[in-house]
Structure formats: C-alpha cells, structure tokens
Amino acid sequence: MSVSDLAARRRDFPALATRVHGKRLAYLDSAATALRPQPVIDAIVRAAQLGAPSRSVHALAEQATSVIEDARSDVAAFLGGRADEVIFTSGTTGSLNLVAQAWGRAHLAAGDAVIVSELEHHSNLMPWQMICGERGAELRIAPVDDAGRIQLDRVSFERAKLVAVAHVSNVTGTVAPIAELAQRAHAVGALLVVDGAQAVAHLPIDVAALGCDFYAFSAHKLYGPTGTGVLWGRASVLATMPPWQTGGGMIRTVEATRSTFRGAPARFEAGTPNVIGIAGLAAALAYVRAIGDVRADEARAHAALVAAVRAAGGRILGEPELAVVAFELPRIHAHDVATLADAEGVALRSGHHCAAPLHARFGVTASSRVSVGCYTDADDVAQFAAALAKLREVFP
Amino acid sequence: MTDARALYHATIVEHDRHPHHEGPLPAATHAATADNPLCGDVVTLRFVLADGVIADAAFEGRGCALSRAAASMLATRAIGATPEQLRELAATFDRFLHADVPAEDLGELAVFEGVRAFKSRRACACLPFTAALAALDQ
C-alpha cells in the first residue's frame, strides 16, 4: 500500500472532513466505532427505501429479502463458513448473549465450567456470569500476563464445556492464540466462542483455520452501521440449540398453546430483519474487499502511536500487537486527557473500555486509548503527539 | 468554539495538584460516597457536624482534575457553614453549571464556568456535591 492509496481511502470517508473545535479531525477511536465510507452510507440510504424483508411478496419486499440473503453469503465468504451458519444479530453483544442463552440453557449444568480470560470486554464476560449463575456452572477466569497474553497454563480445562475469548483485546491489542485454544477446548469436549469485534477490521478471518465453534462481530467496527452484527456458528452446534428469542419469521407452526420452529439461521432471527443495517454491513464487506490488505499501513500507524505515547512518558497497558494502544499518563486522569485531546481535534477514548477486570489487573481505574483504521495517517499521529505535548502545558 | 484550556482554569489544575482537605476524617459524624459508573470515578465526603455547624470536612477518592478540584473547593467552603448553607451552595453550583446564570456567591467555584461547554464533563464537577448532599441527609 502506498501513501496515495491511503490518501484515496481517506477521501472515501466524509466524516474525516469534519472540523472539530475549528481543528482538523484526527479520528483515533475506530476501535469504538469505525467511520463509514460513502458506499456504505449510500447502501444504507438505498435500503431505507425498501419494503419488509422475508415477509411480503411484492417487489420492494423481494428486493429486501435478496439484500439479506446476498449479505448472508457475503458474510459466509468473509468468514470462511457456510451461509446457513450466519445469524444476523444486533452486534457482538447480541451474538454473545445469544450463545450464552440458547446454547447455555441446553447444555450447561451444575458442575460444568465456562472459561473466559481476564481481558474480556464486559460483553464477553457478563453473559457467562449470568448463564453460569442460572445453571449452577462455574465461571473460570484465565489470567493474563503483563504483556496482555492469556496464560493458558494457569487455568484448568477440567469439566469445561465452553471457552470464550476475544480474538484481539480492545485494551491491550494482543492477539489470542485461537487455534491453540480451540485444540485445548476440543480436547476436553468444550466449544470455543471467539469475540471477533476488534479483529475483523484488522486480521483476515477464517473460522475453519481458527477451529472455533462460534465467531461474533459487529458491523460498526468494520466501517458498517451500528445495531448490526453477526454470529457465525458451526452448523452441527446450532442444530443442538433451542431458540432464545421468539417472534415473527422463525416459526414453522404456531398454535394457541404451542409452536414449532425453523432451523438455523432463521430459528435465531426472531422479528423483522434489520435490512438497513444488513445492507450497510454488506457494503462494508465489499469496501474492505475492494481496498485489499491494509495491514502494512495500519501497522505503521500503530507503531507510530506507540512511539508517541512512549515519548510523552505514557505507560502502555500490555504490549499491543495491533489496532489499539491503551495508556495512562502520569498524574493526568484519562478523562482530562480525552477532553484536552478533543480540544485539539483528536478523538480518542477514555475510561475502562468495558474491561474493568483487566484495568483492575493493571492497577488502573481508567486509561486513554487510541486506535487505528484503514484511514489513519501520519498527520493523525502527529496531531495526537502535539495534543499530548499541550496536555503537559496544562498539567505541568 | 469550545476551548478545553478555558475548562482547565489554572485554579482547577492547582487544586488537582495540591488539593485541600484530602484524606481521612476519623472524627466524621456524616459521610457518603458517590460514584460515576461510566468512568469509575468515586469520591467520599466526610463531615464533622457539631452544634448545627460543619466543624470539619475532608474528601477521599479517585477521579479526574475536575472532580478533585470540586471536592477540594467544596470541603474548604463547607468548614464553618451550616448544612443548609452547603445545600444552597450545591443548588447554586448545579444551576451555574447547567444554565447561563451568574456565579452569585460561588466564590472560587466560579472557575468551573468552562464546564458548561462540556456537557459530558458536568457530572465530574457535580460528583463531590452529590456525595456531600447524601452525607448531610444521613
């Protein structure tokens, strides 16, 4: 990828032209929500003019149904799975709650164990807390080391029925050893759930090579719309799961006092599908396919962000491999960092990033986080470095 | 246009760096803690109430410069005041942060004027007052 490719990509994102407090926008919060390129915005607008999908048979409804079923095939191709293994959800959170509730109710019993890691986003922790509490199962936490790597040897896989981990941490930017985790889980007959929210925009995904049983992600971390996500589940596993939510579109027969249900994926998609969001997701997948491999550009931006934080005397949480850099500055609270950065046109995130246990493990209550997208350039990094210098002026 | 450096008035930074009345208060008769679950900030306000007057005050907790500075100024203002006067101060401060009204008798707390432009940060300045009111209601 050359500088001109990067410059061309930047022109695809209208939000990058926004002036913030009179300043150029340096958008370094893609890990929270990535910006959307014009083709995605156009697809969302087009889909907003369609009819009810998967219900009526008139032309506008047929088009909407096609949008959804074509998108299902696109997602399958993106993940390396089958179209009938792709369930559309409201996002990673919805996907993980679906697994916890639908799979957990059918398969978890007292004495079983679920394993998660210490670095999980709350969305991949609390669903397991809840279902383990309901079923009398044990929730085990695999610790992470100072680098942010999961310490597999420090957790027992005995009696484990399911292991759930983030592919890429939204705080430490470390990549979990998914293939090894799959092996360890399968060796004891457990399933592996992967939270791919932070991975899909930065790594090629192949669920077959990863060996996982579920893979969850959100469209809005991949240049798509909010409120839209995916749960990929292995067909043989989905077949063992009862519905979680019930409603229109997922039934085979309904009588006054009982119902029967369709198979996957329809079984897990109660209610009128989110055709606008799904159209946006399909356009986002087409966009990332079109721009090709941007990993070299992202790695360059990421390394420069790490260097800028270090130069400002920041302490980085873990040893980030890609995508994000979370840090604290000595004696400056993360919220003060975020507000002062905003004044300089730099959009970054502050707080615990929905990973409070991990922050506790690193001995901090809040951190600041910068993250890269396919549009992050050297000017963004320079603007961030200048904002850090200004912070020191205000808080000497 | 909003300027974050107007928000971080030198007085606020000074109180953050060198807060007044930070620490425990073993003789406290009234105490309460307030937290902001969105950011994890937490502050505890403690008062010694004697003969209807706040004889001593102190705060403890962790938070941003705004919440620390507000806690420091609050504790300073509380000492020698009646609970009723402190409640009035809290109400005045709240009005001041949320509407374009004059600082009235806010004294040093008037330096928080810049917070008005940063809606998401008003809660930071208000947090110690929430704790103080809860303590007085005990």
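Residues numbered from 1 in each chain as written. Chains lettered and ligands numbered in written order. Predicted model: local features only at pLDDT ≥ 70, side-chain atom pairs only at ≥ 80, totals over all residues.

### Considering the overall build of chain B
Note the threshold: Where helices and strands are cited, they refer to DSSP runs of H or I of at least four residues and of E of at least two residues respectively, numbered from the N terminus. In this description the radius of gyration comes from C-alpha coordinates, and the expected globular size is given by 2.2 Å times residues to the power 0.38. A residue is called partly exposed when the number of other C-beta atoms within 10 Å of its own lies between 12 and 20, exposed at 12 or fewer, and buried at 20 or more, with C-beta atoms placed from the backbone.
Scanning chain B from terminus to terminus reveals five helices and three strands. Helices (α) and strands (β) of chain B occur, in sequence order from the N terminus, as α-α-β-β-β-α-α-α. The C-alpha atoms of chain B give 14 Å as radius of gyration, which agrees with the globular expectation for 138 residues (14 Å, within 12%). The principal-axis extent of the C-alpha atoms belonging to chain B is close to 50 × 30 × 25 Å. The proportion of buried residues among the 138 residues of chain B is 40%.

### Describing the interface of chain A and chain B
Where interface size is given, it is often the accessible area lost as the parts come together that is meant. What counts is decided by this rule: Distance between backbone-placed C-beta atoms decides contact: two residues are in contact if it is within 7 Å. Asp, Glu, Lys and Arg are counted as charged, while Ala, Val, Leu, Ile, Met, Phe, Trp, Tyr, Cys and Pro are counted as nonpolar; the rest, among them Gly, fall into the polar class.
With 15 residues of chain A at the interface, the matching set in chain B holds 18 residues. When residues of the side of chain A that touches chain B are assigned to their parent elements, the largest contribution, six residues, is made by helix α11 (residues 334-343) of chain A. Here the residues of the side of chain A that touches chain B sort into five nonpolar, eight polar and two charged.

### With respect to helix α6 (residues 178-187) of chain A
All names here are of chain A. Condition: The reported arc concerns the directions from the helix axis to the C-beta atoms and nothing else.
For α6, the set of buried residues is Ile178, Leu181, Ala182 and Ala185. Around the axis of α6, the buried residues are gathered within 100° of arc, so they sit on the same side. Across from the buried face of α6, at angles greater than 90 degrees, the exposed residues are Glu180, Gln183 and Ala187. Against the buried residues of α6 lie β7 (160-166), β8 (191-195) and α7 (207-210). Looking one or two residues past α6, Gly189 carries a phi angle of roughly 80°, positive in sign.

### Digging into the environment of Ala338(A)
Residues and elements named next belong to chain A. For Ala338, the location among the structural elements is in helix α11. Note on Ala338: 25 C-beta atoms within 10 Å, which makes it buried. Along the backbone, Ala338 and Gly351 are 13 residues apart, and their C-alpha atoms lie at a distance of 9.3 Å. Non-local contacts of Ala338, meaning those with residues more than four positions away in its chain, are made with Leu348, Ser350 and Ser368.

### Considering the sheet that holds strand β4 (residues 86-89) of chain A
Residues and elements named next belong to chain A. Put simply, the rule is: Should DSSP find at least two bridges between two strands, the strands are regarded as paired. All axes are obtained by fitting lines to C-alpha atoms, using only the stretch in contact for helices, and the reported angles, taken between N-to-C directions, cover 0 to 180 degrees.
What the seven strands build is an open sheet, ordered β4-β10-β9-β8-β7-β5-β6; its pairing is mixed. Two strands in the sheet have a free side with no partner beyond their single neighbour: β4 and β6 (138-142). Ignoring which end each strand starts from, the neighbouring axes of this sheet average 20° apart. Of the strand pairs in this sheet, strand β9 (residues 214-218) and strand β10 (residues 229-233) are connected by five bridges, and their pairing is antiparallel. Of the residues in β10, the one forming a bridge with Tyr215 is Trp232. Relative to β4, helix α3 (residues 59-79) is tilted by about 115°, and along the sheet it contacts β4, β9 and β10.

### Section: the packing of helix α3 (residues 65-78) of chain B against helix α5 (residues 122-136) of chain B
Angle between the axes and distance between the axes: these two values describe a pair of packed helices. All names here are of chain B. Convention followed: An angle below 35 degrees is read as roughly parallel, one above 145 as roughly antiparallel, one from 65 to 115 as roughly perpendicular, and any other as oblique. Crossings are classed by handedness, with left-handed meaning an anticlockwise turn of the near helix from the far one by less than a right angle and right-handed meaning a clockwise turn.
At a minimum axis distance of 6 Å, the contact between α3 and α5 shows a crossing angle of 40°. With respect to α5, the axis of α3 lies oblique. Seen from above, α3 lies across α5 with right-handed handedness. Residue-level contacts link Leu66, Ser67, Ala70, Ala71 and Leu74 of α3 to Cys124, Ala125, Leu127, Pro128, Phe129 and Ala132 of α5.

### Some thoughts on the domain arrangement of chain A
Residue and element names in this part refer to chain A. Rule in force here: Domain delimitation follows an automatic or database domain assignment.
In terms of domains, chain A is made up of domain 1 (3-30 + 293-394) and domain 2 (41-289). Taken together, the 18 residues of domain 1 in the interface contact 19 residues of domain 2. When contributions to the side of domain 1 that touches domain 2 are tallied by element, the ones reaching two or more residues are β14 (324-328) and α12 (356-361). Considering only residue class, the side of domain 1 that touches domain 2 consists of eleven nonpolar, three polar and four charged.

### Focus on α11(A)
Each α-helix turn comprises 3.6 residues. Residues three or four places apart therefore point the same way. Residue and element names in this part refer to chain A. With respect to burial, α11 is a largely interior element, ten of its ten residues being buried. The set of residues buried in α11 consists of Ala334, His335, Asp336, Val337, Ala338, Thr339, Leu340, Ala341, Asp342 and Ala343. Gly345 occupies a position one or two residues after α11 and carries a positive phi of about 85°.

### What about the nonpolar core?
All names here are of chain A. The line we're drawing: Remark: nonpolar core denotes a set of buried Ala, Val, Leu, Ile, Met, Phe, Trp, Tyr and Cys residues whose joining runs through C-beta atoms within 7 Å.
Val163, Ala279, Leu305 and Phe384 are the most contacted members of the largest nonpolar core, which totals 171 residues. If one sorts the elements of this core by residue count, helix α9 (residues 275-291) sits on top with ten residues. Counting only domains with at least three residues in this core, you end up with domain 1 (3-30 + 293-394) and domain 2 (41-289). Ignoring anything within four residues of it in the chain, the contact list for Leu305 reads Val325, Val370, Val372, Val381 and Phe384.

### Quick look at the pairing of strand β17 (residues 367-371) of chain A
Residue and element names in this part refer to chain A. Taken across its five residues, β17 has five buried, putting it largely inside the fold. In β17, alternate side chains face the same way, and those of Ser367, Arg369 and Ser371 on one face and Ser368 and Val370 on the other are all buried. Across four bridges, the pairing between β14 and β17 is antiparallel. What sits directly across from Val324, in β17, is Ser371.

### A look at the packing of α11(A) against helix α13 (residues 378-394) of chain A
Residues and elements named next belong to chain A. Contact geometry of α11 with α13 gives a least axis separation of 9 Å together with a crossing angle of 115°. Considering how the two elements wind past one another, α11 and α13 form a crossing that is right-handed. Packed against α11, whose contacting residues are Val337, Leu340 and Ala341, the element α13 presents Ala387, Lys390, Leu391 and Val394 at the interface. Tallied by class, residues from the contact of α11 with α13 come to six nonpolar, no polar and one charged.

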